[in-house]
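Letter by letter, the chains look like this.
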Amino acid sequence: MGYQGEGTIFALSTGVERAAIAVMRVSGKGSADLLVRLCGALPPPRKAVLRRVWQQADVQDTLLDEALVLWFPGPRSYTGEDGFELHLHAGPAIIQAVSNALVLGGARPAEPGEFTRRAFTNGRMDLVEAEGIADLIAAETESQRRQALAQADGALSRVYQGWADRLKKLLAFQEALIDFPDEDLPAEVEEEIRSGIRQLIAQMHQHLADGQRGERIRRGVVFAITGPPNAGKSSLLNWLVERDAAIVSPIAGTTRDALEIVGSLGGIKVTFIDTAGLRETEDEIEAEGVRRALFHVKQADCVVQMFAATEAPQKIFPGALLVGNKLDLAPLPAEVEGIPVIPVSLKNGQGLDVLRNCLEHKVQALTASSTSMPLLTRARHSAGVKEACAALEEALRQEWPEVRGEELRLAMRALGRLTGHVGVEELLDAIFGQFCIGK
């Protein structure tokens, strides 16, 4: 059963952990009556007022709490509907009692993401902005916060809407050529249409050429640490995350599975993956670990390939950062097969500052944008822009005005699905399902 979008809903918008304050959010057509039922009267709009919260205020039968109350009449509210917030003391018994009182008053618990879904349905935001809200809630680093906030504020939506507005004008010109072929329309109308299409294609290509930088900021950059047994991979992981996350042992083959730990470099979320040592082995479990290590090497955004000073690397992975460890035991070459070596000693700390700088520069190179245009943050956005761009390229190849007009309409539909203006019902459950209950 899909989203119903009816009735008055409520949810706890703050976490369930022990705290001083818990915010209960309510939205829907019955919000005004429900607030009067709990507190006796409506407070002034958008002003925090201290009120007693009763199970039923007109008879003052059971006092539940004393809370700050905020009344948000629609459409000037988060969802666009009438709504209110109760800033309660965060005791579990109080939260449960207020929840029971809300149900008795006719409200129901909200579904995950239902508040934001109602905001979308009521035109308070589009789909791209709603996804920005989800990313903002999940943001763990400063870079994620900045990117998500810009998207929630409409930075990407303004780009896509701008393209859609320009497409409308081009389509209007194209329809004029179709509907009035015998009229004396200016000769430059045809070229203006083609020129406008070419400009849009160029901007879309520029947008798509971001190298997944926005997606990397949102999900984090993945670093796979690889190399032979006893090269110092687990020691490097522990140093990077500043704790003993991986077992370090002189026994070869200690790490048999991939260990993923989340950290950050230069304000960017990074997932470090410590992999099994690469070597030929007859041990079935270790061989599976080697297979998984090679899988992570292929999937990673960057490979940190380690080797010990006492033995040279046998194979260098393309694009890898080459780290030579155990500088305290033997000298290291300046490069191997033309690849610069970063010399370190994880035992005594030599070269680790240089290594961190190299890793941070790599992260910046993988996430920094060379344009002022907002970055793509999801595969859905990339697919939508590619679809629109493909339709425009086909329109440019067409000589028949009717066919070119249809391709322009297809491009507009693709952009409309991005922002939620057309044909997105099948996407809504997946998008809003990733929100917490109180959002």
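See the structure shown above.
Here the structure is a predicted model, which means the values were calculated and not measured.

Novice: Would you explain the sheet that holds strand β9 (residues 268-274) in this entry?
Specialist: Remark on secondary structure: sheet strands pair via backbone hydrogen bonds, oriented parallel or antiparallel. Spatially, β8-β9-β7-β10-β11-β13-β12 is the arrangement adopted by the 7 strands of the open sheet, whose pairing is mixed. Of all strands in the sheet, those with a lone pairing partner are β8 (259-265) and β12 (335-336), marking the two edges. Looking at chain direction, strand β10 (residues 302-308) and strand β11 (residues 321-325) are connected through 5 bridges and run parallel. Pairing of A308 across the sheet is with N325, part of β11. Running at roughly 155° to β9, helix α9 (residues 233-241) makes contact with β7 (221-226), β8, β9 and β10 of the sheet.

Novice: Would you take a moment to explain the nonpolar core for this structure?
Specialist: Grouped burial of nonpolar side chains is what soluble globular proteins tend to show. The biggest cluster of nonpolar side chains holds 29 residues, and the ones touching the most others in it are Y160, W163, I197, M204, L392 and L415. Looking at this core, the elements with two or more residues in it are α6 (155-179), α7 (188-208), α12 (379-397) and α13 (401-419). It is α6 that contributes the most residues to this core, 9 residues altogether. With residues up to four places along the chain from it excluded, the contact list for M204 reads W163, V385, A388, C389, L392 and L415. Counting residues in hydrophobic clusters, the runner-up holds 26 residues, among them I225, V304, M306 and L359.

Novice: Honestly, the packing of aromatic side chains in this entry has me stumped. Any pointers?
Specialist: We describe a pair of aromatic rings using the distance from one ring centre to the other and the angle between the two ring planes. Per the stated rule, a full pass over the model turns up 2 aromatic pairs. For the pair Y160 and W163, a centre-to-centre distance of 5.8 Å together with 50° between the ring planes defines the contact as tilted. One end of the pair, Y160, and the other, W163, are both in helix α6, 3 residues apart, so they sit about a helical turn from each other. There is no split in this pair, since Y160 and W163 are both buried. Each ring, one from F223 and one from F272, has its centre 6.1 Å from the other, and the planes form 55°; the classification is tilted. Remark: F272 occurs in strand β9 and F223 occurs in strand β7; sequence separation between them is 49 residues.

Novice: When you look at the side chain of T367 in this model, what are you seeing that I'm missing?
Specialist: Mapped onto the elements of the fold, T367 is located in helix α11 (residues 352-367). The buried category is assigned to T367, whose relative accessible area is 5%. Discounting residues that sit within four places of it in the chain, T367 has contacts with R213, R216, I217, V221, I268 and L375.

Novice: What is the right way to read the layout of surface pockets from this model?
Specialist: To find the voids left in a structure, one rolls a probe of water-molecule size over its atoms. Space inside the second largest pocket adds up to approximately 350 Å³. Contributing to the lining of the second largest pocket are 16 residues, with P228, L278, R279, Q314 and K315 lying nearest its centre. Those elements giving two or more residues to the lining of the second largest pocket turn out to be α10 (284-299) and β10. Of all the elements, β10 adds the most residues to the lining of the second largest pocket, at 3 residues. Its residues assigned to classes, the lining of the second largest pocket comprises 9 nonpolar, 3 polar and 4 charged.

Novice: Before we go on, may I ask you to explain the pairing of β8 in this structure?
Specialist: On a regular strand, each side chain points to the face opposite its neighbour's, so the side chains alternate between the two faces of the sheet. Here β8 pairs with β9 via 7 bridges, running antiparallel. If you follow E260 over to β9, its bridge partner there is I273. Counting the residues between successive antiparallel strands, the hairpin from β8 to β9 contains 2 residues, one of them, G266, with a positive phi of roughly 60°.

Novice: How do you make sense of unusual backbone geometry when you look at a structure like this?
Specialist: Trans is the common state for peptide bonds, and a negative phi is the common state for residues other than glycine. G74 connects to P75 through a cis peptide bond whose omega is 5°. Mapped onto the elements, P75 comes out in the loop between β4 (63-72) and β5 (83-89). Although it is not a glycine, R46 sits at a positive phi angle of roughly 60°. The topology assignment puts R46 in the loop between α1 (31-39) and β3 (49-54). With a relative accessible area of 34%, R46 lands in the partly exposed category. Notably, Q212 is not glycine yet its phi reads approximately 60°, a positive angle.

Novice: Could you clarify how one ought to interpret the pairing of strand β13 (residues 339-343) in this entry?
Specialist: In terms of strand pairing, β11 meets β13 through 3 bridges, oriented parallel. In the sheet register, L322 faces β13, and the bridge partner there is V341. The turn linking β12 back onto β13 is made up of 2 residues, and E337 within it adopts a positive phi angle of 55°.

Novice: In this structure, what is going on with the pattern of salt bridges? I would like to understand it.
Specialist: Once their charged atoms are close, side chains differing in charge can pair, the charge on each being opposite to the other. Considering all chains together, one arrives at 17 salt bridges under this definition. Of the charged contacts in the structure, one is a salt bridge between R380 and E131, with a shortest N-O distance of 3.0 Å. Taken as a pair, R380 in helix α12 and E131 in helix α4 (residues 127-138) lie far apart in primary sequence, 249 residues in all. For E131, a relative accessible area of 2% gives the class buried. The partner of R218 in a salt bridge is D135, with the nearest N and O atoms 3.9 Å apart.

Conventions used here
- Residues numbered from 1 in each chain as written.
- Predicted model: local features only at pLDDT ≥ 70, side-chain atom pairs only at ≥ 80, totals over all residues.
- Heavy atoms only, no water.
- Pairing = 2+ DSSP bridges.
- Helix = DSSP H or I, 4+ residues; strand = E, 2+ residues; numbered from the N terminus.
- Contact = heavy atoms within 4.5 Å.
- Axes fitted to C-alpha atoms, helices over the stretch in contact; angles between N-to-C directions.
- Core = buried A, V, L, I, M, F, W, Y, C linked by side-chain atoms within 4.5 Å.
- Buried < 20%, exposed > 50% of the residue type's maximum accessible area, 1.4 Å probe, protein only.
- Phe/Tyr/Trp six-rings, centres within 6.5 Å; stacked < 30°, edge-to-face > 60°.
- 1 Å grid on protein atoms, 1.4 Å probe; cavity = no way out; pocket = protein on both sides within 12 Å on 5 of 7 lines; lining within 4 Å.
- Points joined across faces, edges and corners; volume = space filled by probe spheres on them.
- Nonpolar A, V, L, I, M, F, W, Y, C, P; charged D, E, K, R; others polar.
- Salt bridge = Lys/Arg side-chain N within 4 Å of Asp/Glu carboxyl O.

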